[in-house]
Structure formats: C-alpha cells, structure tokens
Amino acid sequence: MNNAVNNGDDGIWSGTWVAERLGVELVGDDALTGLLGLALRRNPKRAHLLVSNVLGKHVPQSPSVVHGHGFALGRRVRELLGAEETAEAVVLGYAETATGLGHSVADGLGTAPYLHSTRRPVAGVAQAGGFEESHSHATSHLLLPEDPALLVGDGPLVLVDDEFSTGNTVLNTIRALHERYPRRRYVVVALVDMRSAADAGRLDDFAREIGARVDLVTAASGTVRLPAGVLEKGQELVARYEGAGAAGGDRSSAGASGPVAQVPVPPEQGVAPETDSRTTPPGARGTARQGPHDPHPEDDRTGRTRPRGRTTRVDLHWPRGLPDGGRHGFTPKHRARLETALPAMTARLAEAIPEDASRVLVLGFEELMYAPLRLARELEQVVAAEVRYSTTTRSPVLAVDDPGYAIRSRIVFPAHDDPADGPGERYAYNVAGSGFDAVVAVVDSVADTRELHAPDGLLSQLAAHTPHVVLAVVPSYVPEPLYAAALSEERPAMLPEPLRGPAFSSYPPEEVGWLLQDLSDVTLEAPTEEREEAIQSGGAHYAESLPVEYQPSEQYQELFHAALETSAARIAQAVGVVTETVIAERSPRPVLVSLARAGTPVGVLMRRWAQFRHGLDLPHYAVSIVRGRGIDANALRWLAAHHDPRDVVFVDGWTGKGAITRELAAAIEEFEAGGGAAGFDAEIAVLADPGSCVRTYGTRDDFLIPSACLNSTVSGLISRTVLRADLVGPNDFHGAKFYRELAGTDVSVAFLDAVAARFPEVADAVGGAVKELLASDRTPSWEGWRAVERISEEYGIHDVNLVKPGVGETTRVLLRRVPWKILARAGAGADLDHVRLLAGQRGVPVEEVGDLPYTCVGLIHPQFTRGATGADGKAVTV
C-alpha cells in the first residue's frame, strides 16, 4: 500500500520522516497509516517506534475516539466468545501503554473484571505473577490483584496490548500464567497486528504446545519492513538530531505540533468523525527549545508568546474505596460506581476550565490512563471546548518538529512518584506547541509529591505552555488483603516502634514517642476554602487532607509571647493539678497517651511535672483520634503489647463540647468488642474542661492556653493527623507530617520551658487545689454541649459540628477553618486579645454575648461556598 496516506499536516503521513531516512516501510491494511505514525526511540534495543494515533499515550486525541476503539474491540471479543464464555472472562492489560485500552476493552465486554500489569511494587500486596517485555525500556511486569482468585478459573483470559509485534510479550505472559493458573482459552487483543511472516505462525504453535486455544482480535494488521542496519542508523540519527538541538535535551522542547489524525469512532459508539482545520504552514517556525524557568514561553501555533500559566487544584470527590484503575483489579461493581460518580466529578473539572477555552487537554499519568480517559470523555460532552486526551510516559523518544514525524515536541520532567527503580526522566509528547488553553493533569495520590510541584516538575513545565493548569488527584487505591482478620490471628502484623525527635518532631526523643507513620513526603495540604467546601458537602472528611499551615504575623507572634508570659503560671498550676489527680486516682505510674496533636504539649508538661514533683520518668506517647473514625486501633494494639492498658491515661489539651470525649469512649468500646485488649480507661485527662465533659482536669476555666494559639510550631512541628485509605493500610498507624522547613519559627520547646519554669512557684498552690478537687463532686454536667446545641439553633446553623466553643477551639477555627463570626462573653479581657487580632485579620466580626458559658465560641461558616471567609460569605484578604 502507499504509505503516504493523509493523516498529518498538509496531507503528510506522520511516519514519512522516519520512512525516508531509515527506509522503514509500513505495509498492510488501508487503515494502518491512519492508526499509526513513526518516531525514533532513544532505546538501544529497537530503533523505531510505532506511534498510535488512537491510544491516547503519545498523541493527544479525542477521548471518544480513544475509548471507542477499545470498546469496539471488546464488543468483537464478546461476539467471538459468546454469552456463556463472556460471563466467565477476565481481561488483562499491559503497563504502561495499554492500561487504558485494556480497561476500555473490558467495558466492551460489559461483565468482565479487569486487571493490568504494573511496574509499581505496592507494599503489602502479594505478587500473583509476572513476566518480561524484552524490547521495552522497563521490562519487568508485576501482577498484583487484590483477590488472587481473579486469575484462577477456567474462563477465557483476554490479554490486551496496543500492538502485537513479535508476540514475545504475549507468549511470555501466557506461559507464566498458564503454569500457575491453567485455562482452556486465551484471546489476544491489539489495535494493530504487526507480526512478520516469520512470527505469524508462532502463536498457533504455542497454543498446541500448552493445549489451549488462542485467538487474536485486532483493528488492523500489517508489518514493518526494516532494512539491514536499521538499529545502528536509527541510533546515529537520534544522536545527530539531539546533538544538533533539534529535539534538545532541555526540560521542554516545544514544536508547532499540528493536528492529529482524526480516526472515526467505531459505528457502535455513534460519534461522528471530527475534523480539525487548523494547520501550521511549512516553515512557519522552527523548533523552540523552552527552558523550565522562561516566563514567556513560545506556546502558540502562530508563534505568539504567553505568560506562564497558573495551577489550580480541583478536588474530584473521588468515591471512597473505588480503585483508581486496574492495578489491583476493577470489577463490574466498581464500573457501576464510577459511572454514577463521573458526572459530578466532571462538573467540578468543568468549573475550573475557563469558559473561553477553545482547546483543552486532559493529561493522564503513566499507568493511570483509564480514570483520566473517562473524565476526559465526560468532559467532552459538557464543555464547548475541543477536548483532547493523552498521558505522560516513561518511554524516551526523539522529538522532531516536522509534519511528517509523529512526535513533534516533548516536555521532560523528573519522575514524581518515587519509583522503585529510582529517579529518572519522564515525558509528555505533543503537548508543547499544541495551543492548549488549559491542561488538566490527573495523577494519583502517590504521585502528588514535592517533585510534581517543584520548579522543574511537571506542573511547572505545563504552566510554561498553557495559561491554565488544573490538577486533579485521584486517591491511589491500596487494597486490604483478603482474609486479613484470619491472617492476623495466625500471625499478627508487626507494628513499628514510635517515631521520635529529632527525626520526627522537634521535641527531644525522651519527651514523646509518636505512634504515627511519617507522611512528610506526601503533599496533603489543600487551601482552607477548598477543604471547607469538601467537608461541608460531605465529599471529603477533614482527616483526608491538611490545611495549609497558617504562619501568623509578627504582631500575632508578639501577642503569643506576651500571652505566654502572663499565663505560664496559671498553666503550670493546671498541669500540676491534673497530673497529681491522675497519679492519685488512676495509676501511681501512669502511661501518658496524648491525643495528637493538641494533647501532645500537655502530655509533655505532665511528664515534666511528674519528674519535677515525684522523680518519675513516665512513658509518653502521642496517638491519633479522628472525629467520626475513632482512635487508631493499631496504636492501641501497640500500647497493649508494651504496657498494661489499665495504666494508660489519655491526655488532651481542653474540652469544647465533648465530641472527642464521646468519640474515645465509643472507640474503646468498639476496640474491645472486636477482640482488642481490655482495660483501657476511656476518660480523658485535660488541662482545661470548660465544657464540663470529664472528671480529670486541671481547671474548668476557659482561658487562653498559648499552645492553642499556633499550629505545628507549638506542637513539635507535627501536622494534624491524617487518615486516608490510600495512605493508611489496615496494619498501619495513622499518618502525620513533620514540617522541618518551619524550624525557624518553632516555639514548641520554648513554650514547654516557659511553663515548666513556673513549677516551683505553683507547687504549694497545686497541693491545696488537688485536695479540694478530690473532695468535690466532679461529675460532668455537659453544660457545654447544651450551650452548643442552643447556639446552633439560635444562629440558624443546625449543625453542632460547626460550633466550636472555648478559646482553644475558637482559635483553631480562625487558624484552620472558614470562620463566620465569633461570640465573646461580655467583659472578657486579655484572654481574647489574640482572638480579636486574628478575627480582625480575617474580617470576621466579634459579637459580645451576655450569657455565654465559655469565654468565646467560634462559628464556622454554615453555608459555605468557595471563597466565603467573612460573615457575609465574601472573600476577604488574610
């Protein structure tokens, strides 16, 4: 056939450049050159690369076209197998290139579960198989199904790859799987069958060898004729062009990428062929090599310059527990959940795309192809812009700005998912120079790292070529091993030792051991407004992300130090009272377990008091408790294995309305009911109990505790705790971050030292107060809870979770949430200076109330919409 079929600029086939220089010929079906172009690999094993126009990997394409081709192949497989065998079929796709294609084929079958191979090892997930891909730049494939039974059975196994070239990869796969999970039938599916005549008969011979039927289903077939010495010629050509700078070794190489081939969607999909009339005249401009820090990149087909784009993060509200793809298996039930959730998730993306955008790219991430593809296909239906889809890749390919070459430009950036094989370059092809008004980058949470956001990272590189970058992060699914309960009874999982400073936290190592896992390298922070919207809409739990650490002004820092100076003795007395009460009533040698993070400074101070007054060296740990999710059960397991649960005393900073008090009681009850160790006392010991929620406290006054004034910089530089399914497995501690970068403003130890320095002067007063307290009726009245319920109704909030009583909780509202207004008890004095200052900075009114049982109450905005930070729901400057 004539290989100059029109599918590039000016009717030039996108394989012409390689064909002319290497003598490579593409011979086969008439549809072949519409499906494929050619490029040169930067790979010593193979010179040429078949570049698919419909795969969505290297060439941005309509998502309907991409999904439609896979879906149509799946329909053909279903017809081949018949209803009975289709009902028993399992689909297996190949990483990284065919993960989305395989998933689309599974969609076409309709009822088949899907699994794809992976090059990403996942801790705690057993390997069910693996194989080698000899010609690839990354050869080892792993099979990591959540349910190993997925590969067991006699139903057909459908293997999906983008191209069927030599057949080696498929034969390696079937041989490896057939030895462990033999079956009667296999179906090989590929977009193109490019086997040589010599390879064509190998599949039949292999099928006879293993005693199974092997069928082949493809969209087109042909072969590549390679002249002698093509590998050496290809390597020489790559070296020559890279050395001359045509493709460049820069962080990005932008060419005037012309329109891609428009291949019609198969008739079943009902989508008409598309056209793209925009072209670049020959010689309009040469290759522009764009460095990562150039503020005026050339990124337009006409050669115009654009300023560097900005990046916006969008929370998709991805359904909890829904796999992000087929790495661990994707069932028909998962498919149904995804279909239900897609419209709402896509609507959130659409809101972030400028209305005047005419050309939008949804860019997936390596193996994460299917979720971005489905989002892109849905987006294509709801926005006026032309939507294209492609993904980043590990595959190194030469980029040449020529209309007869398939890879017109490349963006180069560092790996950002901490790959098992170490750091390296990654690529996005045909993005630079393609005139995209917005790029939606979709990554999984494992890849949402500092490297992604670094100055030379992917987001920065994209911002050099488009005015709008939208980041959407899909939670990386980590399966809970099947039969986990039974396995844990036979062989309990070993839990790590506590984290300690200086490696984790700025506290000395003897002061506290953190029963947490270190998530410092994971990007978890989200803007306060985005978090509030997600929390109140029910789309996310507050423990799934972290607020951006608010760094107070110099004026506020001065107020903190002044407040500490005036209140240190008062705090020291409360510390002494609560510690002596614990030793007298709970245990002569208590094990202090602080509820991270507000309880941690109090726990350290109680430990210091016990040393000061009794010479005791008490153990002290910090654990996570999450409202609505309970306490970290693995932390309880660790404590029970190392201490008598009856000696454990849970410590917190203060009570508000008593929500955590109730949460802990319910969590301990659930822990014991589930077979956990008995003996833990659920009552919390607190520094201050203004809500009258507990029996063990230092005071019931609602006053300024300076440790409530700041965030991590007064709590050992540790974040709030995080509980998210993709980061915290069934045998892991909850997570938290250590903000080492904030060391310059850390006052954690200074706060402790200032209070402990007052211990000698309050010792006598503590003794008298403890005698009086032990003789009194300390039965909780829950006065605070009733007040919160009343305030919730009086102010039309109708949600007690949005009412935060007490100085400490009000301070948290101003630092970490979206405040609506502050209620202050009439006549409250210096204890509210810092609250008034923060409220003024955030434009939040302070309303004096006469009959308030607390010094103040913070109200979170009850009808939050994005940008609502003031009482009127309008954004104000902080």
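The following paragraphs examine the structure supplied in this document. (Residues numbered from 1 in each chain as written. Predicted model: local features only at pLDDT ≥ 70, side-chain atom pairs only at ≥ 80, totals over all residues. Heavy atoms only, no water.)

Notes on helix 17 (residues 633-642)
Since there are 3.6 residues in each turn of an α-helix, residues three or four apart along the chain are aligned in direction.
Turning to step 1, where the next piece is worked out: The set of residues buried in helix 17 consists of Asn 634, Ala 635, Leu 636, Trp 638 and Leu 639.
Turning to step 2, where the next piece is worked out: One side-chain oxygen of the residue at the start of helix 17 lies 3.0 Å from the amide nitrogen of Asn 634, identifying that residue as Asp 632. (Buried < 20%, exposed > 50% of the residue type's maximum accessible area, 1.4 Å probe, protein only. Helix = DSSP H or I, 4+ residues; strand = E, 2+ residues; numbered from the N terminus. Polar contact = N/O pair within 3.5 Å; in protein donor to acceptor, adjacent residues only side chain to side chain.)

Points about the nonpolar core
Turning to step 1, where the next piece is worked out: In terms of nonpolar packing, the biggest core is built from 135 residues, with Leu 40, Val 158, Val 189, Leu 349, Tyr 405 and Leu 462 touching the most fellow members.
Turning to step 2, where the next piece is worked out: The leading source of residues in this core is strand 9 (residues 185-193), at 7 residues.
Turning to step 3, where the next piece is worked out: If sequence neighbours within four positions are ignored, Val 189 has contacts with Leu 73, Val 77, Val 105, Val 158, Leu 159, Val 160, Asp 161 and Val 217. (Core = buried A, V, L, I, M, F, W, Y, C linked by side-chain atoms within 4.5 Å. Contact = heavy atoms within 4.5 Å.)

Quick notes on the sheet that holds strand 33 (residues 846-849)
Turning to step 1, where the next piece is worked out: With mixed pairing, the 4 strands of this open sheet are ordered in space as 31-34-32-33. The sheet is open, and its two borders are formed by strand 31 (803-805) and strand 33, each paired with just one other strand. Strand after strand, the sheet turns through a mean of 25° between neighbouring axes, direction not considered. (Pairing = 2+ DSSP bridges. Axes fitted to C-alpha atoms, helices over the stretch in contact; angles between N-to-C directions.)

Here we look at the pattern of salt bridges
Pairing between side chains of opposite charge can happen when their charged atoms approach one another.
Turning to step 1, where the next piece is worked out: As enumerated under the stated definition, the model contains 38 salt bridges in all.
Turning to step 2, where the next piece is worked out: The salt bridge partner of Asp 193 is Arg 195, with a shortest N-O separation of 3.0 Å. By the burial criterion, Asp 193 is buried, and Arg 195 matches it.
Turning to step 3, where the next piece is worked out: We note a salt bridge from Lys 821 to Glu 847, for which the minimum N-O separation is 4.0 Å. In this pair, Lys 821 is assigned in strand 32 (residues 819-825) and Glu 847 in strand 33, connecting sequence segments 26 residues apart. (Salt bridge = Lys/Arg side-chain N within 4 Å of Asp/Glu carboxyl O.)

Some remarks on the packing of aromatic side chains
Turning to step 1, where the next piece is worked out: This model, assessed by the stated rule, comprises 13 aromatic pairs.
Turning to step 2, where the next piece is worked out: Ring geometry for Phe 504 against Trp 514: centres 6.0 Å apart, planes inclined by 80°, an arrangement best described as edge-to-face. Placement of the pair is Phe 504 in the loop between helix 13 (484-490) and strand 20 (513-514) and Trp 514 in strand 20, with a sequence separation of 10 residues.
Turning to step 3, where the next piece is worked out: With a relative accessible area of 2%, Phe 504 lands in the buried category.
Turning to step 4, where the next piece is worked out: When its relative accessible area of 0% is taken as the criterion, Trp 514 is described as buried.
Turning to step 5, where the next piece is worked out: Through successive ring pairs, a cluster of aromatic residues spans Phe 504, Tyr 507, Trp 514 and Phe 738.
Turning to step 6, where the next piece is worked out: Over the ring of Trp 782 we find Arg 662, and its NZ or CZ is 4.5 Å from the ring centre.
Turning to step 7, where the next piece is worked out: We note Lys 821 situated over the ring of Trp 820; from NZ or CZ to the ring centre the distance is 4.6 Å. (Phe/Tyr/Trp six-rings, centres within 6.5 Å; stacked < 30°, edge-to-face > 60°. Lys NZ or Arg CZ within 6 Å of the ring centre and 35° of its normal.)

Concerning the packing of helix 4 (residues 99-109) against helix 10 (residues 370-382)
Packed helix pairs are characterised by how far apart their axes lie and by the angle those axes make with each other.
Turning to step 1, where the next piece is worked out: The interhelical angle for the contact between helix 4 and helix 10, taken along N-to-C directions, is 65°, at an axis separation of 8 Å. Only Tyr 370, Leu 373 and Arg 374 of helix 10 make contact with helix 4, whose side of the interface consists of Gly 100, His 103, Ser 104 and Asp 107.

Observations concerning the sheet that holds strand 13 (residues 310-314)
Note on sheets: strands pair through backbone hydrogen bonds, and any given pair is parallel or antiparallel.
Turning to step 1, where the next piece is worked out: Judged by pairing direction, the sheet is parallel, and its 5 strands sit side by side in the order 13-19-18-14-15 without closing on themselves. Each of the sheet's edge strands pairs with one partner strand only, and the pair in question is strand 13 and strand 15 (386-391). If you compare each strand with its neighbour and ignore which way they point, the axes differ by 20° on average.
Turning to step 2, where the next piece is worked out: In the sheet, strand 14 (residues 359-364) pairs with strand 15 via 6 bridges, with the strands oriented parallel. Considered in strand 15, the bridge of Arg 359 is made with Glu 386.

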